[in-house]
Amino acid sequence: MFGKRKDKEFEVLSPMNGRAIRLETVQDEAFAEKMLGDGAAVVPENGMIFSPVSGVVADITDTKHAFCITTHDGVDILLHVGINTVNLKGEGFCVLVKSGDTVAAGDKLAEVNLDLLTKHGMPFDTPVLLTEPEHFEITRFGTGNLRGGSDVLFTYKKR
Amino acid sequence: MIQFSYTVKDGAGIHARPAGALIKLVRDSKSRVTVKKDGKEADAAKIFTLMALGVKCGDTVIVEIEGEDEEMMAANLKTYMQENL
């Protein structure tokens, strides 16, 4: 069933250990209303961040809280760690990769100090998005507690 | 084609939340919108290219709008940026 056909399903792994939630419940309207793309989110219980897909790191924001990864077949994935975390200006994040690096799904990308988010009242919600949702259909969602870098957060098919 | 420049006042620059609404505006329009900074340019309908510009507070960007609703879009974008960025 996983032949090189148009209906092939692709997996996006949970980037962190934690509970899977739907995008609609993320505490930021830019994500909840899918303005930045479609996908799902995880509410992490610790700070280890893993790559949800295999591909190339296209960009990491200077504030270290958002990662753009382009898969080997050209699909752009945005990983945004926490809500309002742009305001930490990089504090609390330790990033292990750089733009241009090739990563495999499950590789460790970074670590974040979640206590700092708590201190600043920032929700932990961490969305993973397909940034050009018009080209894809999300086919399945992971539910319950997921292991970062190994359990599937969602799967998609090309339209 | 309509062009205007804008200096970002948001302390965090062009980040996810304002970018999301900006992208939605652009995708709902019939025009192509390009944001330029320091010789680099981004398709304003794509979060990846926008984020790669790395626009920070105090940076001046040039916004170019081209398409059949460019006048309306230029006005909408200016208002949006003044209120949100």
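A brief look at the structure comes next.

### Describing the packing of helix 1 (residues 16–27) of chain B against helix 3 (residues 70–84) of chain B
All names here are of chain B. The geometry of helix 1 relative to helix 3 is characterised by a closest axis approach of 11 Å and an angle of 170° between their N-to-C directions. For the element pair helix 1 / helix 3, the angle class is roughly antiparallel. Residue-level inspection shows R17, P18, A21, L22, L25 and V26 of helix 1 in contact with helix 3, the latter providing M73, N76, L77, Y80 and N84. Residue classes in the contact of helix 1 with helix 3 are distributed as eight nonpolar, two polar and one charged.

### Concerning the side chain of D151(A)
Structurally, the position occupied by D151(A) is in the loop between strand 13 (145–146) and strand 14 (152–158). When near neighbours in sequence (up to four residues on either side) are disregarded, D151(A) contacts L13(A), S14(A), N145(A) and L146(A).

### Observations concerning the interface of chain B and chain A
The interface is formed by 17 residues belonging to chain B together with 27 residues belonging to chain A. Considering only the surface of chain B that becomes buried against chain A, R17(B), F48(B) and M51(B) emerge as the three largest contributors, covering 43% of it. Linking chain B to chain A there are four salt bridges. Notably, a salt bridge pairs D28(A) with R17(B), separated by 3.1 Å at the nearest N-O pair. Joining chain B to chain A, the criterion identifies five residue pairs in polar contact (both at pLDDT 80 or more). Among the secondary structure elements, those contributing two or more residues to the side of chain B that touches chain A are helix 1 and helix 2 (47–53) of chain B. For the side of chain B that touches chain A, the class distribution of residues is nine nonpolar, three polar and five charged.

### Thoughts on helix 3 of chain B
With 15 residues, helix 3 of chain B should cover 21 Å at 1.5 Å per step; its first-to-last C-alpha distance of 20 Å lies within 8% of that length. Its buried side turned inward, helix 3 of chain B meets strand 1 (2–7), helix 1, strand 2 (31–37) and strand 4 (60–67) of chain B.

### Quick look at the pattern of salt bridges
For the structure shown, the criterion picks out 16 salt bridges over all chains. Between K46(B) and E132(A) there is a salt bridge whose closest N-O contact spans 3.9 Å. Here the residue K46(B) occupies a position in the loop between strand 3 (40–43) and helix 2, and E132(A) occupies one in the loop between strand 11 (126–130) and strand 12 (136–141), the pair thus bridging two chains. When its relative accessible area of 32% is taken as the criterion, K46(B) is described as partly exposed. For E132(A), a relative accessible area of 16% puts it in the buried group. When the shortest N-O distance is used, the salt bridge between D43(B) and R32(B) registers 3.8 Å. Taken together, the positions of D43(B) in strand 3 and R32(B) in strand 2 put the pair 11 residues apart, joining distant regions of the chain. On the accessibility criterion, R32(B) (48% relative accessible area) is partly exposed.

### What about the sheet that holds strand 10 (residues 108–112) of chain A?
All names here are of chain A. Strand order in this open sheet of three strands is 4-10-8, and the pairing throughout is antiparallel. The outermost strands of the open sheet, each flanked by one partner alone, are strand 4 (48–50) and strand 8 (93–95). On average, each strand axis in the sheet is inclined to that of its neighbour by 20°, with strand direction left out of account. By the bridge criterion, three bridges tie strand 4 to strand 10 in an arrangement that is antiparallel. Counterpart to M48 in the pairing with strand 10 is E111.

### Digging into the packing of aromatic side chains
Centre distance and the angle of the planes are the two values used to describe a pair of aromatic rings. Applying the stated rule across the entire model yields two aromatic pairs over all chains. Lying over the aromatic face of F141(A), R22(A) brings its terminal NZ or CZ to 3.7 Å of the ring centre.

### As for helix 1 of chain B
Side chains of residues three or four places apart in an α-helix project in the same direction, reflecting 3.6 residues per turn. Over its 12 residues, helix 1 of chain B extends 16 Å from the first C-alpha to the last, a length consistent with the 16 Å expected when each residue adds 1.5 Å. Within the span of helix 1 of chain B, buried status applies to A16(B), P18(B), A19(B), G20(B), L22(B), I23(B) and V26(B).

### A short note on the environment of E33(A)
Within the element layout of this structure, E33(A) appears in the loop between helix 1 (29–32) and strand 3 (38–44). Taking the C-alpha atoms as reference points, E33(A) and L153(A), 120 residues apart in sequence, are found 19 Å from one another.

Quick notes on the rules
- Residues numbered from 1 in each chain as written.
- Chains lettered and ligands numbered in written order.
- Predicted model: local features only at pLDDT ≥ 70, side-chain atom pairs only at ≥ 80, totals over all residues.
- Heavy atoms only, no water.
- Axes fitted to C-alpha atoms, helices over the stretch in contact; angles between N-to-C directions.
- Helix = DSSP H or I, 4+ residues; strand = E, 2+ residues; numbered from the N terminus.
- Parallel < 35°, antiparallel > 145°, perpendicular 65-115°, else oblique.
- Contact = heavy atoms within 4.5 Å.
- Nonpolar A, V, L, I, M, F, W, Y, C, P; charged D, E, K, R; others polar.
- Buried area = accessible area lost by both parts, 1.4 Å probe.
- Salt bridge = Lys/Arg side-chain N within 4 Å of Asp/Glu carboxyl O.
- Polar contact = N/O pair within 3.5 Å; in protein donor to acceptor, adjacent residues only side chain to side chain.
- Expected span 1.5 Å × (residues − 1).
- Buried < 20%, exposed > 50% of the residue type's maximum accessible area, 1.4 Å probe, protein only.
- Pairing = 2+ DSSP bridges.
- Phe/Tyr/Trp six-rings, centres within 6.5 Å; stacked < 30°, edge-to-face > 60°.
- Lys NZ or Arg CZ within 6 Å of the ring centre and 35° of its normal.

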